[in-house]
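Fold and contact review
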Amino acid sequence: MDAATHAPAAPLSAVASGPLSGRVRPPGDKSVSHRAMIFGLLAVGETKIDGLLEGEDVLRTAQAARQLGAKVVRHAPGSWSVWGAGLGSLLQPTETLDFGNAGTGSRLMMGVVAGHPIVARFDGDASLRKRPMKRILDPLALQGAQLLEQAEGGRLPLVLQGSAEPLPVEYKTPVASAQIKSAVLLCGLNSPGRTVVIEAEASRDHTEKMLAHFGATVTSEPHGPHGRKITLEGRPELIARPVRVPADPSSAAFPLVAALIVPGSDIVVEGVMTNPLRSGLLTTLIEMGADISLDNKREEGGEEVADVRARYSALNGVDVPAERAPSMIDEYPILAVAAAFAKGETRMRGLSELRVKESDRLAAIAAGLKANGVDCEIIGDDLIVRGGAVAGGGVVETHLDHRIAMSFLVMGLAAQNKVTVDDETMIATSFPSFRVLMEGLGARFS
């Protein structure tokens, strides 16, 4: 598929279903899957990856790793090996690094390229071309990278020239963003000194955990009331290590919320990552009265995981504080669906970051809710949803956003009338087995 084109739209409807039941394991976590590929590229030796998410986004990162010098082999579903080029030894790519819809893959790989004396052209699909890259490129410029070409406003397509000796920096992130932090740290890996990132609000910490897993010296300490200070010693010898990718909490959110809103449901979602910096949705749902339990807690690939059981629950509206946003930024669309079925008002605060996702996700959520008869409004950066019975019957514009599509399909499973999304094709970017997995639990689509 060419960078600027998209497959024909394929509408899909969800209709009211009987009770959902069963045990499922959703795909591997997208954030960890991207990073496993990237660290496999930078480490010496064979990195064996088990449970990799084989969505379109991660496959684009795998292809970019090949273009930069790694040998990448798929053995079986979810089972991959990466033989790395080694830190400081990346190849100059001969063709454009095309990331499709992968915001995480493209931004993290900019950090990798910025720390090496190579030039690479980055591009993506129509959706990724709209997303802001300047917040990533600004700190990389401080580290010594140069932007040779760019589309308007620092957007894709762009050409980045990396540095043979990235400068050690201390950088304060302007917003809580794991992508900004990770890009700075990945560039700093090849710096002769110490790279420090300070964030006022802690963002997800998969990069720090994987740096340590592969042998880098990295520390993370509290900074201020909600922040972290991360310090990385440059030029470690990264040693290939096996990675078992836990189930993606963002993907697990869809069957879990479906079980909470479809009467009589009782399901278990296995092996879900429960990293505290990713579990804001579970915290919020439990506050709303959700019958959720975490069983068989354990550690996989340096991450905390558990089997999560969810049963149909009478939910109540809550106030979701802004400081929780970084730990559940991708789960607001499905939380809004849960709020639509909850009694009373739910206010989700501080959602400015949703305006720069695959779509203006905040506007898309509100439009989808209104199309299905749900009372909601946006005040500043807050989304207010007044819940109750959901009429449904609407057609939701997804704007090529996979999470909008899946969230409103879940809504249709419990609404009075079917809910239709204008396109399901992009769901494959993060959750290729979504429909099959949901139908296995008893969901009905048409």
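Residues numbered from 1 in each chain as written. Predicted model: local features only at pLDDT ≥ 70, side-chain atom pairs only at ≥ 80, totals over all residues. Heavy atoms only, no water.

Rules: UniProt positions are given in the numbering used here, feature names are shortened, and annotations may be inferred rather than shown by experiment.
An unreviewed UniProt entry annotates the protein chain as 3-phosphoshikimate 1-carboxyvinyltransferase of Methylocystis iwaonis. Its UniProt record, at the heading Catalytic activity (unreviewed entry), says of the protein chain: "3-phosphoshikimate + phosphoenolpyruvate = 5-O-(1-carboxyvinyl)-3-phosphoshikimate + phosphate".

**Examining the overall build of the protein chain**
Here is the rule: Starting at the N terminus, helices and strands are each numbered in turn, a helix being any DSSP run of H or I of at least four residues and a strand any DSSP run of E of at least two. We compute the radius of gyration over the C-alpha atoms and compare it with the globule rule, which gives 2.2 Å times the number of residues raised to the power 0.38. Summary of the burial criterion: residues with accessible area below 20% of their type's maximum are buried, those above 50% are exposed, and those between are partly exposed, where the area comes from a 1.4 Å probe applied to protein chains only. Residue contacts are counted whenever heavy atoms from the two residues lie within 4.5 Å of one another. The method behind every accessible area is Shrake-Rupley, applied with a 1.4 Å probe, and residues are considered shielded solely by the protein chains displayed. In this charge count, Lys and Arg are treated as positive and Asp and Glu as negative; neither His nor the chain ends contribute. Charged groups are reduced to one reference atom each: NZ for lysine, CZ for arginine, CG for aspartic acid, CD for glutamic acid.
The number of helices and strands found in the protein chain is 13 helices and 24 strands. At 21 Å, the protein chain has a C-alpha radius of gyration in line with the 22 Å of a compact globule built from 446 residues. Scored against the burial criterion, the 446 residues of the protein chain give a buried share of 59%. Sequence separation of 24 or more characterises 76% of the internal contacts of the protein chain that already satisfy a separation of 6 or more. When the accessible surface of the protein chain is totalled, it reaches about 15,600 Å², and 50% of it is carbon and sulfur. Treating the 45 positive side-chain charges of the protein chain as one cloud and the 52 negative ones as another, the clouds have centres 1 Å apart.

**So, the pairing of strand β5 (residues 79-83)**
Regular strands place side chains that alternate from one sheet face to the opposite one. What counts, and what does not: One bridge is not enough; two strands pair if DSSP finds at least two bridges between them.
Bridge count for strand β3 (residues 46-50) against β5 is five bridges, and the pairing is antiparallel. Counterpart to Asp50 in the pairing with β5 is Ser79. With five bridges connecting them, strand β4 (residues 71-76) and β5 associate as antiparallel partners. Bridge pairing links Val72 to Val82 in β5. Connecting β4 to the next strand, β5, in antiparallel fashion are two residues, including Gly78 with a positive phi near 80°.

**Overview of the UniProt feature "binding site: 3-phosphoshikimate" (unreviewed entry) in the protein chain**
Under the UniProt annotation, "binding site: 3-phosphoshikimate" (unreviewed entry) lies at Lys30, Ser31, Arg35, Ser177, Gln179, Asp330 and Lys357. Note that Lys30 resides in helix α1 (residues 30-42). In contact with Lys30, other than residues within four places in its own chain, are Leu53, Asp57, Val58, Asp248, His402, Arg403, Thr429 and Ser430. Tracing the backbone shows Gln179 in helix α6 (residues 178-188).

**As for the packing of aromatic side chains**
Stated formally: Only Phe, Tyr and Trp rings take part, Trp by its six-membered ring, and two of them pair if their centres are within 6.5 Å. Stacked means planes under 30 degrees apart, edge-to-face means over 60, and tilted covers everything else. Lysine and arginine charges are scored as sitting over a ring when NZ or CZ, respectively, is within 6 Å of the ring centre and within 35 degrees of the ring normal.
Taken as a whole, this structure holds five aromatic pairs when the rule is applied. On the numbers, 5.9 Å between centres and 10° between planes, the contact of Phe99 with Phe122 is stacked. Here Phe99, found in the loop between β6 (97-98) and α3 (103-114), pairs with Phe122, found in strand β7 (residues 119-123); they are 23 residues apart in sequence, far enough to count as distant. Through a chain of ring-to-ring contacts, three or more aromatic side chains come together here, namely Phe254, Phe431, Phe434 and Phe445. Between Lys71 and the ring centre of Trp83, over which it is positioned, the NZ or CZ distance is 4.7 Å.

**Considering the UniProt feature "binding site: phosphoenolpyruvate" (unreviewed entry) in the protein chain**
Annotation from UniProt places "binding site: phosphoenolpyruvate" (unreviewed entry) at Lys30, Gly103, Arg131, Gln179, Arg361 and Arg403. Mapping Arg131 onto the fold places it in the loop between α4 (126-129) and α5 (134-142). Assessed through its relative accessible area of 4%, Arg131 is described here as buried. Once residues lying within four places of it in the same chain are set aside, the contact partners of Arg131 are Asn101, Gly103, Arg107, Arg155, Val356, Lys357 and Glu358. Its relative accessible area of 14% is what places Gln179 among the buried residues. Residues in contact with Gln179, not counting those within four places in the same chain, are Gly103, Thr104, Arg107, Leu108 and Ile136.

**Here we look at the pairing of strand β12 (residues 218-223)**
In terms of strand pairing, β12 meets strand β13 (residues 227-233) through six bridges, oriented antiparallel. Across the sheet, residue Ser220 finds its bridge partner in β13, namely Ile230. The loop that links β12 with its antiparallel partner β13 comprises three residues; one of these, Gly224, has a positive phi angle of about 75°.

**Some words on the sheet that holds strand β22 (residues 395-396)**
How we decide: Axis lines are fitted to C-alpha atoms, over the contacting stretch for helices. Their N-to-C directions set the angle, which ranges from 0 to 180 degrees.
Strand order in the open sheet formed by four strands is β22-β23-β1-β24, with mixed pairing between adjacent strands. The open sheet has two edge strands with one neighbour each: β22 and β24 (444-445). Two strands pair when backbone bridges link them, and strand β1 (residues 12-15) and strand β23 (residues 419-421) are joined in this way by three bridges, in the antiparallel orientation. In the sheet register, Leu12 faces β23, and the bridge partner there is Val421. The sheet contacts of helix α12 (residues 402-412) involve β1, β22, β23 and β24, and relative to β23 the element is tilted by about 165°.

**Some remarks on the packing of helix α9 (residues 280-287) against helix α10 (residues 332-341)**
This is how the line gets drawn: Roughly parallel refers to an angle under 35 degrees, roughly antiparallel to one over 145, roughly perpendicular to one between 65 and 115, and oblique to any angle outside these ranges. Lys, Arg, Asp and Glu make up the charged group, whereas Ala, Val, Leu, Ile, Met, Phe, Trp, Tyr, Cys and Pro make up the nonpolar group; the residues left over, Gly among them, are polar.
For the pair α9 and α10, the least separation of the axes is 11 Å and the interaxial angle reads 10°. Taken together, the axes of α9 and α10 lie roughly parallel to each other. Along its contact with α9, which presents Leu281, Thr284 and Leu285, the element α10 presents Ile334, Leu335 and Ala338. A class-by-class count of the residues in the contact of α9 with α10 yields five nonpolar, one polar and no charged.

**With respect to the pattern of salt bridges**
The condition is simple: What counts as a salt bridge is simple: a side-chain nitrogen of Lys or Arg found within 4 Å of a carboxyl oxygen of Asp or Glu.
Summed over the entire model, instances satisfying the criterion amount to 35 salt bridges. The closest approach of N and O atoms between Arg23 and Asp307, which form a salt bridge, is 3.9 Å. You can see Arg23 sitting in strand β2 (residues 21-24) and its partner Asp307 sitting in strand β17 (residues 303-311), a full 284 residues away along the chain. Of the charged contacts, one joins Lys181 and Glu208 as a salt bridge, the two residues approaching to 2.8 Å between their closest N and O atoms. Here Glu208 lies in helix α7 (residues 206-213) and Lys181 lies in helix α6, a separation of 27 residues in the sequence. An identical accessibility class is assigned to Lys181 and Glu208; each is buried. Connected via shared salt-bridge partners are Arg204, Asp330, Arg361, Asp401 and Arg403.

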